[in-house]
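Fold and geometry: a report
Here is what each chain is made of, one letter per residue.
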Amino acid sequence: MTASTITTSQNKFEKLKAEKDGLAVKAEIEKFAASGWEAIDETDRDHRLKWLGVFFRPVTPGKFMIRLRMPNGILNSSQMRVLAEVVQRYGNDGSADITTRQNIQLRGIRIEDLPEIFNRFEQVGLTSVQSGMDNVRNITGDPLAGLDASELFDTRELVEQIQAMITNNGQGNAEFSNLPRKFNIAVTGGRDNSVHAEINDLAFVPAFKNATFGFNILVGGFFSAKRCNAAIPLDAWVAPEEVVAVCRAILEVFRDNGLRANRQKARLMWLIDEWGLDKFRTKVELRLGKSLLKAAEHDEINWEKRDHVGIHRQKQAGFCYVGLHIPVGRLHAEDMFEIARIAEVYGSGELRLTVEQNIVIPNIPDSYLASFFTEPLLAKFKINPESLTRSLVSCTGAQFCNFALIETKNRALTIVKALESELEMTRPVRIHWTGCPNSCGQPQVADIGLMGTKARKNGKPVEGVDIFMGGTVGKDARLGTCVTKAVPCEDLQPVLRELLITHFGAKAKVLVST
Ligand code: SRM
Ligand code: SF4
């Protein structure tokens, strides 16, 4: 289907896609660069550029964000260096964030630099294409793929193949540039559900059928301001070599039948609701040109979720991977250069990102560890951070995101540090911050989720949070729900302290005066 054939009653976004496909701006980058950001047609600037992963930021006009694609969350040191060079040129405006989809976003970008930036990306095999708006987001996979002795399947190649199919090898693919809405895909071959499979529109989870390895398929998981749903089983099992074709078939069904009138009801689950699962499955089979086998009786997600921070043994004898904790995922150019250098000096130059916004450096020989530990960078990006900091996740928030109702990243760090100074933790507690109900920071998967909202204090409007609890991850993952509404952020610390003591076994520290 092409943009011009869309005939549904059209909302603003359907109209702009029908008028001109988002990918069309690829041919206009030189022109935009020459004209400057203020001269660009507003719809191209604010919306269509997102098809190239370039986001106009109303909070910082003229300073754009670029969202890359990092299939399976993997990049190499040369790529990291290029990303560092890109943000370095913007001085204090330049920074990068590791995202909750194992990905990287760059900040401070000037439109005049886009042609050169895209050239640099191309030279090192990076792409940012189709990473925003009504496209398939970064495809997540196990951060330990190929390293973990307990893994059932190495997801790297499969995730690469899915991305190549969807994006035409990173060049842009008009077949999938006009979905009814965003679409999230995850593939996991490990036992601990390291990708939060349950919150993706389409997820492949490991499962044996008659002793043959393959994946059970989950569909329809999503978060939105209006509704949140864990993915449900499609009751289908596929062999690894069929995964790309199944992704294609499901995307085609969604593209051609997904609900387009109301953007609040356009994600895949709404179509499944309307059709029922059986009809959806039949439509997918028709596209696929064959029947799907019924799901394996159970999947192999039977571990608690790991966070990969710290030093761990690889399946390759004599090698370790080291998980560096990156506080709320924020990086600056000098950090990125250092990370690239360290990955080369001690490892194989490879880097892995996690959905907890951290970095894993794989392939470090045991004999290098003593020297590795002396690296000054480990004082900033720790391998043994304090318990609450370790599991902290935060979305972008008001610093750069115009949807935000509150500031998130800095506040998250400040409050957690204050809590750590007064509490002794007896178990890990995962705290996730998200600046608005869009839930990019996934508060529903957290032990304690904090969602930005408007609150009132002494009759005055103030920044506040709704508190979520009960999210579980790994095996038997379950979404948390809202337990308290509109707590003013300025009153939050004692509220969290109480929750940590009552529900998570935290103990007040005895402060000894000297
Ligand atoms: Fe998100 C929109 C940031 C993961 C649900 N998300 C946005 C925008 C693009 C809004 C905007 O234009 O400002 C945010 C960009 C802010 C900025 O400047 O960084 C934004 N989302 C993020 C990131 C960077 C949060 C982070 O700090 O890690 C994550 C980027 C992932 C990536 O690499 O692609 C991010 N967003 C998510 C997730 C989590 C996930 O995928 O596991 C969700 C919930 C899961 C889901 O989508 O089902 C999520 N983002 C949304 C939504 C609500 C979608 C909906 O169906 O209503 C929006 C708003 C929208 O699409 O209309 C949104
Ligand atoms: Fe922005 Fe809201 Fe997403 Fe946070 S949750 S990045 S504030 S859209």
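Residues numbered from 1 in each chain as written. Chains lettered and ligands numbered in written order. Predicted model: local features only at pLDDT ≥ 70, side-chain atom pairs only at ≥ 80, totals over all residues. Heavy atoms only, no water.

1. Regarding the packing of aromatic side chains
Scanning the entire structure with this criterion turns up eleven aromatic pairs. Measuring from centroid to centroid gives 5.2 Å for Y346 and F372, while their planes differ by 90 degrees, and the two rings are edge-to-face. On the criterion of sequence distance, the pair formed by Y346 in helix α10 (residues 333-346) and F372 in helix α11 (residues 369-372) is long-range, its members being 26 residues apart. There is no split in this pair, since Y346 and F372 are both buried. Connected via pairs of aromatic rings, a cluster forms that spans F153, F204, F208, F213 and F215. (Phe/Tyr/Trp six-rings, centres within 6.5 Å; stacked < 30°, edge-to-face > 60°. Helix = DSSP H or I, 4+ residues; strand = E, 2+ residues; numbered from the N terminus. Buried < 20%, exposed > 50% of the residue type's maximum accessible area, 1.4 Å probe, protein only.)

2. Details of the pairing of strand β5 (residues 104-109)
Among the six residues of β5, six are classified as buried, and the element is accordingly described as predominantly covered. Sheet analysis places strand β2 (residues 64-67) next to β5, joined by four bridges and oriented antiparallel. Its bridge partner lying in β5, M65 is registered against R107. Two strands pair when backbone bridges link them, and strand β4 (residues 95-98) and β5 are joined in this way by four bridges, in the antiparallel orientation. Opposite D97, over in β5, you have Q105 as the bridge partner. Hairpin connection of β4 to β5: five residues between the antiparallel strands, including Q102 at a positive phi of 55 degrees. (Pairing = 2+ DSSP bridges.)

3. Thoughts on the sheet that holds strand β3 (residues 74-76)
The strand order across the open sheet formed by five strands is β3-β15-β16-β13-β12, and the pairing between neighbours is antiparallel. Pairing within the sheet leaves two strands with one partner each, and these edge strands are β3 and β12 (310-313). Neighbour-to-neighbour, the strand axes of the sheet open up by a mean angle of 30 degrees, direction not taken into account. Examined bridge by bridge, strand β15 (residues 350-353) and strand β16 (residues 359-365) share two bridges and lie antiparallel to one another. Opposite R352, over in β16, you have V360 as the bridge partner. Together, β15 and β16 form the strand contacts of α10, whose direction differs from that of β16 by roughly 25 degrees. (Axes fitted to C-alpha atoms, helices over the stretch in contact; angles between N-to-C directions. Contact = heavy atoms within 4.5 Å.)

4. Section: the site of ligand 2
In the vicinity of ligand 2, the contacting residues are C395, T396, G397, C401, F403, A404, T434, G435, C436, N438, S439 and C440. Of the residues contributing to the shell around ligand 2, the split by class is six nonpolar, six polar and no charged. (Near = heavy atom within 4 Å. Nonpolar A, V, L, I, M, F, W, Y, C, P; charged D, E, K, R; others polar.)

5. Structural notes on unusual backbone geometry
Positive phi, normally seen in glycine, also occurs at N193, with a value near 55 degrees. Looking at where N193 falls in the secondary structure, it is placed in the loop between β6 (185-187) and β7 (202-209). Exposure remark for N193: the relative accessible area of 4% places this residue in the buried category.

6. Examining the domain arrangement of the protein
On domain assignment, one finds that the protein holds domain 1 (3-288) and domain 2 (390-508). Of note, the centres of domain 1 and domain 2, computed from C-alpha atoms alone, are 27 Å apart. Counting from both sides, the interface comprises 20 residues of domain 1 and, opposite them, 20 residues of domain 2. Of the roughly 1600 Å² buried at the junction of domain 1 and domain 2 (both faces included), carbon and sulfur atoms supply 61%. If you sort the residues of domain 1 by the area they bury against domain 2, V59, T100 and F223 come out on top, with a joint share of 32%. Put simply, domain 1 and domain 2 have one salt bridge between them. (Domains from an automatic or database assignment. Buried area = accessible area lost by both parts, 1.4 Å probe. Salt bridge = Lys/Arg side-chain N within 4 Å of Asp/Glu carboxyl O.)

7. Quick word on the environment of E463
Turning to its location among the elements, E463 is positioned in strand β21 (residues 460-469). For the pair E463 and C489, spaced 26 residues apart in sequence, the C-alpha separation works out to 5.8 Å. Setting aside chain neighbours within four positions, we find E463 in contact with L405, I406, E407, R411, T453, A455, V487, P488 and C489. One polar contact links the side chain of E463 to the main-chain amide nitrogen of E407, over a distance of 3.3 Å. (Polar contact = N/O pair within 3.5 Å; in protein donor to acceptor, adjacent residues only side chain to side chain.)

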